[in-house]
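Listed below, chain by chain, are the residues.
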Amino acid sequence: LHRSLLILNQAKFASMMCMSKLPHSLLVSSLGLLLVFKTNSAYGRFQEGRQIWERIQSKSRDLTRMMALYQHDMTAPRKERVQNLLAAFPYLLRHHINPRCMSKEQLDAVPDPHKLQLEDEVFPIDTRFEDSVRSMDPANNYACSSHRHCTVDKRALPWRLLPAKSLNHIAKSRNRALWVCDRMSAEIASIPYTNTWQNRERLTMLQHVNELSRAIGECERIHQTLVPINYARHCLRSLTLWLLSLPFALLDDLGLKTGVVMMVLSWLMFGVYQIGYSIEDPFQGSIRLSIICDNIRREVLLESENGLRYTAFDDCPIENDADTGDPSSVMNAMNSEDSQQHVLMDDASSDGNNAGDYAYAPVQ
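Position numbers for residues start from 1 in each chain and track the written sequence from start to end. Local features are withheld for residues below a pLDDT of 70 in this predicted model, meaning they are given only at 70 or higher, and side-chain atom pairs are given and counted only at 80 or more; totals for whole chains, interfaces and linings count all residues. Hydrogens and water molecules were not included; the side-chain quantities draw on all heavy atoms of the structure.

Engineer: When you look at the overall build of the protein chain in this model, what are you seeing that I'm missing?
Structural biologist: For helices the rule is a DSSP run of H or I covering at least 4 residues; for strands it is a run of E covering at least 2, with both sets numbered from the N terminus onward. Of regular secondary structure, the protein chain possesses 13 helices and two strands. Type-normalised accessible area, obtained with a 1.4 Å probe on protein chains alone, sets the label of each residue: buried when under 20%, exposed when over 50%, and partly exposed for intermediate values. Across the 364 residues that make up the protein chain, the buried fraction comes to 34%. Considering only contacts in the protein chain between residues 6 or more positions apart, those separated by 24 or more positions represent 73%. Contacts are residue-level and defined by heavy atoms, with any inter-residue pair within 4.5 Å sufficient.

Shown next, in the form of structure tokens:
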């Protein structure tokens, strides 16, 4: 249209379609700050979410190592129960922040004895005002929390890892990952005292479980606390207005090339905004939680190495006559070595005091 007006010698009307570049030059800095702040905050949430799951994987490895070291004290049945609970924990945490229920087609293919009906999942819908009356009114479905029945297959992960007699209790729990942490703590606290299992070992394992429990709250904080909706709307509206008016500032200089330039600019700018929006909640697909959960399960249950990891705890090369491969004999050997060292230090100290020479005291 602008070119046609110029050809028809209607320069006055053609000039009315153009505008100065000054407004866009002044607004581009503010718009850039809006986009950069939103993208940086979203990437910070993504990075924090990945670090949380990295800590979950590390703590799971530490717990597995502790169970392998003290398997004689834990007994095989208790060790197997804690291992299954630990392997099921990441799947339950993923289900807590991103529920995965079977579809109608999947329900029809699963026999009734293998179906597990979970308690109604509550999915709160964000409202603009925290004290909104509509958010507490069940009659308004668009503002209140929605209820949905969730059914899963007992034969699938992680439900097949959990004890059958506890499935009903787990199904009624609102926070199943926290229930698993509580159950693991109870199992660890019930281990009887032995020569090699004292309060120090018990508190160490409970501390690892507490770290897993703390990770639940960290995931809930990221999942339930989004970027303020007013900021997101203002950023999108500002970007839209800036791009809608930009062709009138470029038309006089670019002419027919304005369409191509605007297409590329719109793709770049809206792409940056969409990146920030997509990684704002990293647990909805940005982080591949399925792969992380499978890795944790294989490492906890030692499936990836076919049990070869246990060879690291067999035949510990401690040079001592009392070493028989039993952790209690190893501990007794270490205690005897410490007592011998203290005796030698005490003898050296007494000799030095009697001879008036240098006296060597034990290192504090």
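Engineer: Which parts of the structure should I look at to understand the environment of threonine 151?
Structural biologist: Along the chain, threonine 151 turns up in strand E2 (residues 146-153). Polar contacts, as counted here, are pairs of nitrogen or oxygen atoms within 3.5 Å of one another; within protein the pair requires one atom able to donate a hydrogen and one able to accept it, and residues that are adjacent in sequence qualify only if both atoms are side-chain atoms. Of note is the side chain of threonine 151, whose polar atom sits 2.9 Å from the side chain of glutamine 117.

Engineer: Just checking my understanding: could you explain the side chain of histidine 95 for this structure?
Structural biologist: Assignment of secondary structure puts histidine 95 in helix H5 (residues 76-97). Side-chain polar atoms of histidine 95 contact the backbone nitrogen of arginine 100, separated by 3.3 Å.

Engineer: Could you clarify how one ought to interpret the state of the cysteines in this entry?
Structural biologist: Think of a disulfide as a covalent bridge from one cysteine sulfur atom to another cysteine sulfur atom. Working definition: a disulfide is two cysteine sulfur atoms within 2.5 Å of each other. Counted according to the given criterion, the structure contains one disulfide. For cysteine 101, the disulfide goes to cysteine 150, at an S-S distance of 1.8 Å. Taking the torsion about the S-S bond as the criterion, the cysteine 101 to cysteine 150 disulfide, at about -105 degrees, is left-handed. Here cysteine 101, found in the loop between H5 and helix H6 (104-109), pairs with cysteine 150, found in strand E2; they are 49 residues apart in sequence, far enough to count as distant. Judged by its relative accessible area of 0%, cysteine 150 falls in the buried class.

Engineer: Is there a simple way to explain the pattern of salt bridges in this structure?
Structural biologist: Opposite charge on two side chains makes pairing possible when the charged atoms of those side chains draw close. By convention in these notes, a salt bridge is any Lys or Arg side-chain nitrogen within 4 Å of a carboxyl oxygen on Asp or Glu. Per the stated rule, a full pass over the model turns up 14 salt bridges. The salt bridge involving arginine 65 is made with aspartate 62; its shortest N-O contact spans 3.0 Å. Residue arginine 65 and its partner aspartate 62 are both found in helix H3 (residues 22-69); the two are separated by three residues, about one turn of the helix. When its relative accessible area of 37% is taken as the criterion, arginine 65 is described as partly exposed. According to the relative accessible area criterion, aspartate 62 is partly exposed, its value standing at 21%. Each of Arg78, Arg81, Arg183 and Glu187 takes part in salt bridges that share partners, so that together they form one network.

Engineer: Is there a simple way to explain helix H8 (residues 176-189) in this structure?
Structural biologist: Since the α-helix packs 3.6 residues into each turn, any two residues three or four apart lie on the same face. A rise of 1.5 Å per residue sets the reference length of H8, with its 14 residues, at 20 Å; its end C-alpha atoms lie 20 Å apart and thus fit the reference within 8%. Where H8 is concerned, the buried positions are Arg176, Ala177, Val180, Cys181, Met184, Glu187 and Ile188. Down the axis of H8, the smallest arc covering the buried residues is 150 degrees, so these residues share one side. The length a helix should cover is 1.5 Å for every residue beyond the first. Directions from the helix axis toward the C-beta atoms define the arc.

Engineer: Explain the nonpolar core to me, please; I cannot follow it from the model alone.
Structural biologist: A general tendency of soluble globular proteins is for nonpolar side chains to be buried together. In this text, buried Ala, Val, Leu, Ile, Met, Phe, Trp, Tyr and Cys residues form a nonpolar core when linked through side-chain atoms within 4.5 Å. Core analysis: the biggest nonpolar cluster contains 50 residues, and Trp53, Ile56, Phe89 and Leu162 have the highest contact counts within it. Elements represented by at least two residues in this core include exactly H3, H5, strand E1 (115-123), E2, helix H7 (167-172), H8, helix H9 (199-224) and helix H12 (289-300). The dominant element in this core, judged by the number of residues it contributes, is H5, at ten residues. In contact with isoleucine 56, other than residues within four places in its own chain, are Phe89, Leu93, Leu212, Ala215 and Ile296. Counting residues in each nonpolar core, the second largest holds 14 residues, with Leu31, Leu35, Trp242 and Met262 among its members.

Engineer: Please explain the confidence of the model for the protein chain as it appears in this structure.
Structural biologist: If pLDDT is low for a region, its predicted coordinates should not be looked at in detail. A score between 0 and 100, pLDDT records how confident the predictor is in each residue. Confidence in the prediction for the protein chain averages 77 pLDDT; 70% of positions are at 70 or higher. The low-confidence segment residues 318-325, where pLDDT is below 50, has eleven contacts with residues more than four positions distant or belonging to other chains. Predicted confidence is poor over residues 337-364, with pLDDT under 50, and the contacts of this stretch with residues over four places away or in other chains come to 13 contacts.

Engineer: Can you walk me through the packing of H5 against H12 in this structure?
Structural biologist: Geometry of a packed helix pair, given as the angle between the helix axes and the separation of the axes. Lines fitted to C-alpha atoms define the axes here, with helix axes fitted over just the stretch in contact, and angles between the N-to-C directions of these axes take values from 0 to 180 degrees. The contact between H5 and H12 brings their axes to 8 Å, and the two run at 170 degrees. As judged from the angle between their axes, H5 and H12 are roughly antiparallel. Residues Gln83, Leu86, Ala87, Pro90, Tyr91, Arg94 and Ile97 of H5 form the contact with H12, whose own contacting residues are Leu289, Ser290, Cys293, Asp294, Ile296, Arg297 and Val300. Classifying every residue of the contact of H5 with H12 by side-chain character gives nine nonpolar, two polar and three charged. We call two directions roughly parallel when the angle between them is under 35 degrees, roughly antiparallel when it is over 145, roughly perpendicular when it lies between 65 and 115, and oblique otherwise. Each residue receives one of three labels: charged for Asp, Glu, Lys and Arg, nonpolar for Ala, Val, Leu, Ile, Met, Phe, Trp, Tyr, Cys and Pro, and polar for the others, Gly being one of them.

Engineer: Could you clarify how one ought to interpret the side chain of glutamate 201 in this entry?
Structural biologist: Tracing the backbone through its elements, the reader meets glutamate 201 in helix H9. Note on glutamate 201: relative accessible area 5%, which makes it buried. Here the side chain of glutamate 201 touches arginine 200 through a polar contact of 3.4 Å, side chain to side chain.

Engineer: Please clarify how a nonpolar patch on the surface should be interpreted in this entry.
Structural biologist: A cluster of nonpolar side chains, contributed by Val260, Met263, Val264, Trp267 and Leu268, occupies part of the molecular surface with about 550 Å² of accessible area. Positionally, leucine 268 belongs in helix H11 (residues 258-278). On the basis of relative accessible area, leucine 268 is assigned to the partly exposed category, the value being 41%. Here a patch means residues that are over 30% exposed by relative accessible area and free of salt bridges, tied together within 9 Å if like-charged and within 5 Å if nonpolar (Val, Leu, Ile, Met, Phe, Trp, Tyr). Methods summary: accessible areas were calculated by the Shrake-Rupley approach with a probe of 1.4 Å, and residue burial reflects only the protein chains presented.

Engineer: Explain the packing of helix H10 (residues 229-254) against H11 here, please?
Structural biologist: Remark: H10 packs on H11, axes separated minimally by 10 Å, with the N-to-C direction vectors making an angle of 165 degrees. Put simply, H10 runs roughly antiparallel to H11. Crossing angle aside, the handedness with which H10 passes H11 is right-handed. Contacts from Ala232, Cys235, Leu236, Leu239, Thr240, Leu243, Leu246, Pro247, Leu250, Leu251 and Leu254 of H10 reach H11 at Thr258, Val261, Met262, Leu265, Ser266, Met269, Phe270 and Tyr273. Of the residues assigned to the contact of H10 with H11, the class counts are 16 nonpolar, three polar and no charged. Crossing handedness is defined as follows: a turn of the near helix away from the far one that is anticlockwise and smaller than a right angle gives a left-handed crossing, while the clockwise case is right-handed.

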